[in-house]
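Breakdown of the fold
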Amino acid sequence: MTAPLRLGTRGSVLALAQSGHVAEALTAATGRQVELVEVVTAGDRSTAPVQRLGVGVFVSALRDALTAGEIDFAVHSYKDLPTAVASGLHIAAVPPREDPRDALVATGGRTLAELPPGALIGTGALRRIAQLHALGMQFEVTPIRGNIDTRLGRVLGPDADLDAVVLARAGLTRIGRADVITETLDPMLMLPAPAQGALAVECRADDHDLVELLARLDHAPSRAAVTAERALLATLEAGCSAPVAAYGELAEGEAGEEIYLRGAVISPDGSRDLRLSRTGTPADAAEIGKALAAELLELGADSILGQEGHAGPGTQQLGSTE
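The structure reproduced in this document is the subject of the present report. Just so we're clear, the structure is a prediction, and the values are computed from it rather than from any experiment.

Turning next to the nonpolar core. Counting 21 residues, the largest nonpolar core has Leu 232, Leu 236, Ala 238, Val 244, Leu 261, Val 265 and Leu 305 as the members making the most contacts within it. Of all the secondary-structure elements, those providing two or more residues to this core are α9 (220-235), β11 (244-253), β12 (256-266), α10 (285-298) and α11 (301-305). Of all the elements, α10 adds the most residues to this core, at 5 residues. The contact partners of Val 265, leaving out residues within four places of it in the chain, are Leu 236, Pro 243, Val 244, Arg 272, Asp 273, Leu 274, Leu 296, Ala 301, Ile 304 and Leu 305. Leu 5, Val 22, Ala 23 and Leu 217 belong to the second largest nonpolar core, which has 17 residues in total.

The structure is reproduced here in structure tokens:
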């Protein structure tokens, strides 16, 4: 009998759910059995802010295990991946993307508009903190860290101390907690992180049989949208903890399918909010992202990104993408 494929995963509830879903999909598509192998990352062990730990802190241990042959492939939250290509590794599949929008979980079932000035909102992402400030609704925004259940407990638990938290809708959906969402935030108010809601299935580039096998899970529209978003991020030379947002959508245009890409760079205090959009064909996904980033840089995005390390109290990126 063929040995099961070893799928490396972080041990969080969300990571296990994501990896389990990919394992089931691969078995259904190819008949190959898959076993999950937990790998502890530096980000899991540390309580320090992600900005201090560095980009890729939640994926480096998985990639080391992959390179060493301890696992056959890995599943990452795509927005956690550094934009630089990892030597010897290959993103063999981007499965169908979950809803990339952000979600609000608030006490009393309230929406963002129903929260009063001074409401205390928790989130771990500088991008979200910056956009909440940019709304001008006088919220008190506090950085929080922890897995999904820990963050939800800050609003819904017996020791709740927040009025609301903002999380990725995709993560809540994947662990079966979409019922707690009180509002799915319109991207016009809260533009998602590049590649939010998408998974990256990665293996060794020289494992040609596995590359071909995993490609059965690839969803071309999801890959194109993510490629455009991450090209914008890479061109801005910003990491996954920077106040950069991007959202690519595929739709039918006059000349066929096209990508509509929106991008934003927001100062941590919300006082500067640069937003632009661009369209093009899926085949030109990377070029669309690069061009949009160049336009943002012309408007001064680099000066905003230069503030990232000086955001002041209460504005650091404090958690993984959960």
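All told, the structure shown has 16 salt bridges when counted by the stated rule. For Asp 102, the salt bridge identified is with Arg 128, shortest N-O distance 2.8 Å. Highlighted residues: Asp 102 in strand β5 (residues 102-106) and Arg 128 in helix α5 (residues 126-134), separated in sequence by 26 residues. Of the residues examined, Arg 128 reaches a relative accessible area of 3% and is grouped as buried. A salt bridge links Arg 154 to Asp 161; the shortest N-O distance between them is 2.7 Å. Asp 161 sits in the partly exposed class, given a relative accessible area of 42%. In the salt-bridge network here, residues are joined through shared partners; they are Arg 6, Asp 72 and Arg 204.

This part covers the pairing of strand β4 (residues 89-93). Most of β4 sits out of view: 4 of its 5 residues are buried. Inspection of the sheet shows β4 paired to strand β10 (residues 199-204) by 4 bridges, in the antiparallel sense. Residue pairing in the sheet places Ala 93 in a bridge with Val 201 of β10.

Listed in full, the buried residues belonging to helix α4 (residues 60-67) are Ala 61, Leu 62, Arg 63, Ala 65 and Leu 66. On its buried side, α4 packs onto β1 (5-9), β3 (73-77), β4 and β10. Just downstream of α4 lies Gly 69, where phi reads positive at about 80°.

Spatial strand order, β2-β1-β3-β10-β4: 5 strands in an open sheet with mixed pairing. The open sheet terminates on both sides in strands that have one partner only, identified here as β2 (34-38) and β4. Each strand axis lies, on average, 35° off the axis of its neighbour in the sheet, ignoring direction. The pairing of β3 with β10 spans 5 bridges and is antiparallel. In the strand pairing of β10, Val 75 is matched with Val 201.

Spatial strand order, β11-β12-β13: 3 strands in an open sheet with antiparallel pairing. At either end of the open sheet lies a strand with only one pairing partner, and these are β11 and β13 (273-280). Each adjacent strand pair in this sheet contributes to an overall mean axis angle of 15°, direction not counted. Pairing of β11 with β12 involves 10 bridges; the strand directions are antiparallel. Bridging across to β12, Val 244 finds its partner in Val 265.

With that settled, the discussion passes to a negative patch on the surface. The grouping of Glu 252, Glu 254, Glu 257 and Glu 258 at the surface amounts to a negative patch. Topologically, Glu 257 is positioned in strand β12. Under the relative-accessibility criterion, Glu 257 is labelled partly exposed at 40%.

Axis separation between α9 and α10 bottoms out at 7 Å; the angle between their running directions is 35°. Here α9 runs over α10; the crossing is right-handed. The residues of α10 that touch α9, namely those facing Ala 224, Thr 227, Ala 228, Ala 231, Leu 232 and Thr 235, are Ala 285, Ala 286, Gly 289, Lys 290, Leu 292, Ala 293, Leu 296 and Leu 297. For the contact of α9 with α10, a count of residues per class yields 10 nonpolar, 3 polar and 1 charged.

A word on the environment of Val 244. In this structure, Val 244 sits in strand β11. Sequence-wise, Val 244 and Val 265 are 21 residues apart; in three dimensions their C-alpha atoms are separated by 4.7 Å. Apart from the residues within four sequence positions on either side, Val 244 is in contact with Arg 127, Ala 193, Pro 194, Leu 232, Leu 233, Leu 236, Ala 238, Ala 264, Val 265 and Leu 305.

Even without glycine at this site, Gln 138 takes up a positive phi of about 60°. We classify Gln 138 as exposed; its relative accessible area is 60%. Here Ala 195, not a glycine, exhibits a phi torsion of approximately 70°, which is positive. Structurally, the position occupied by Ala 195 is in the loop between β9 (183-184) and β10. Exposure remark for Ala 195: the relative accessible area of 0% places this residue in the buried category.

Rules behind the numbers
Residues numbered from 1 in each chain as written. Predicted model: local features only at pLDDT ≥ 70, side-chain atom pairs only at ≥ 80, totals over all residues. Heavy atoms only, no water. Core = buried A, V, L, I, M, F, W, Y, C linked by side-chain atoms within 4.5 Å. Buried < 20%, exposed > 50% of the residue type's maximum accessible area, 1.4 Å probe, protein only. Helix = DSSP H or I, 4+ residues; strand = E, 2+ residues; numbered from the N terminus. Contact = heavy atoms within 4.5 Å. Salt bridge = Lys/Arg side-chain N within 4 Å of Asp/Glu carboxyl O. Pairing = 2+ DSSP bridges. Axes fitted to C-alpha atoms, helices over the stretch in contact; angles between N-to-C directions. Patch = residues over 30% accessible without salt bridge, like charges linked within 9 Å, V, L, I, M, F, W, Y side chains within 5 Å. Areas by Shrake-Rupley, 256 points an atom, 1.4 Å probe, with all protein chains shown as cover. Lys, Arg positive; Asp, Glu negative; His and termini not counted. Charge placed at Lys NZ, Arg CZ, Asp CG, Glu CD. Left-handed = near helix turned anticlockwise from the far one by under 90°. Nonpolar A, V, L, I, M, F, W, Y, C, P; charged D, E, K, R; others polar.

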